[in-house]
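# Notes for the structure review
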Amino acid sequence: MKSYTTFKSINLDLKRLKLERQIALEEIKGIKQDVQQDLQPYNWINTALSIGKKYGFLFLIKKILK
């Protein structure tokens, strides 16, 4: 536990903690926006098509080689 000797040092720490809290809240807002974008249907479709292309291509190569 930190020991304070003056009100100035207490106020300085309170200001620093307030700024750290504001920064953390902004980071959470950014993460929330990223998650919302990742969960949009367009991104799901794009991911599914990408996976489908990959496995479809592998399936086609497998059929050709047999």
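Rules behind the numbers
Residues numbered from 1 in each chain as written. Predicted model: local features only at pLDDT ≥ 70, side-chain atom pairs only at ≥ 80, totals over all residues. Heavy atoms only, no water. Helix = DSSP H or I, 4+ residues; strand = E, 2+ residues; numbered from the N terminus. Rg over C-alpha atoms; globule rule 2.2 N^0.38 Å. Buried < 20%, exposed > 50% of the residue type's maximum accessible area, 1.4 Å probe, protein only. Areas by Shrake-Rupley, 256 points an atom, 1.4 Å probe, with all protein chains shown as cover. Lys, Arg positive; Asp, Glu negative; His and termini not counted. Charge placed at Lys NZ, Arg CZ, Asp CG, Glu CD. Expected span 1.5 Å × (residues − 1). Contact = heavy atoms within 4.5 Å. Polar contact = N/O pair within 3.5 Å; in protein donor to acceptor, adjacent residues only side chain to side chain. Salt bridge = Lys/Arg side-chain N within 4 Å of Asp/Glu carboxyl O. Phe/Tyr/Trp six-rings, centres within 6.5 Å; stacked < 30°, edge-to-face > 60°. Lys NZ or Arg CZ within 6 Å of the ring centre and 35° of its normal.

With that settled, the discussion passes to the overall build of the protein chain. Counting its secondary structure elements, the protein chain contains two helices and zero strands. At 26 Å, the protein chain has a C-alpha radius of gyration far larger than the 11 Å of a compact globule built from 66 residues. Dimensions along the principal axes, computed over C-alpha positions, put the protein chain at roughly 80 × 25 × 10 Å. Across the 66 residues of the protein chain, 2% fall into the buried class. Accessible surface, the protein chain as shown: approximately 6,800 Å² in total, 66% of it carbon and sulfur. For the protein chain, the distance from the average site of its 13 positive side-chain charges to the average site of its 6 negative ones is 9 Å.

What follows concerns helix α1 (residues 7-38). The end-to-end C-alpha separation of α1 is 46 Å, in line with the 46 Å expected for 32 residues at 1.5 Å each. By the criterion of burial, α1 is predominantly exposed, with just one of the 32 residues buried.

If you trace the backbone, Y4 turns up in the segment before α1. The class of Y4 is partly exposed, set by a relative accessible area of 36%. Apart from the residues within four sequence positions on either side, Y4 is in contact with S9, I10 and D13. A polar contact of 2.6 Å, which involves the side chain of Y4, links it to the side chain of D13.

This paragraph deals with the pattern of salt bridges. Think of it this way: side chains of opposite charge can pair up when their charged atoms draw near. A complete count under the given rule lists three salt bridges for this structure. Notably, a salt bridge pairs R16 with E20, separated by 2.9 Å at the nearest N-O pair. With a gap of four residues between them, R16 and E20 both fall in helix α1, about one helical turn apart. E26 is paired through a salt bridge with K29; the nearest N and O atoms lie 3.3 Å apart. Placement of both E26 and K29 in helix α1 is noted, with a separation of three residues, approximately one turn of the helix.

On inspection of all chains with the given rule, the structure shows zero aromatic pairs. Across from the ring centre of Y55, 5.8 Å away, lies the NZ or CZ of K54, which sits over that ring.

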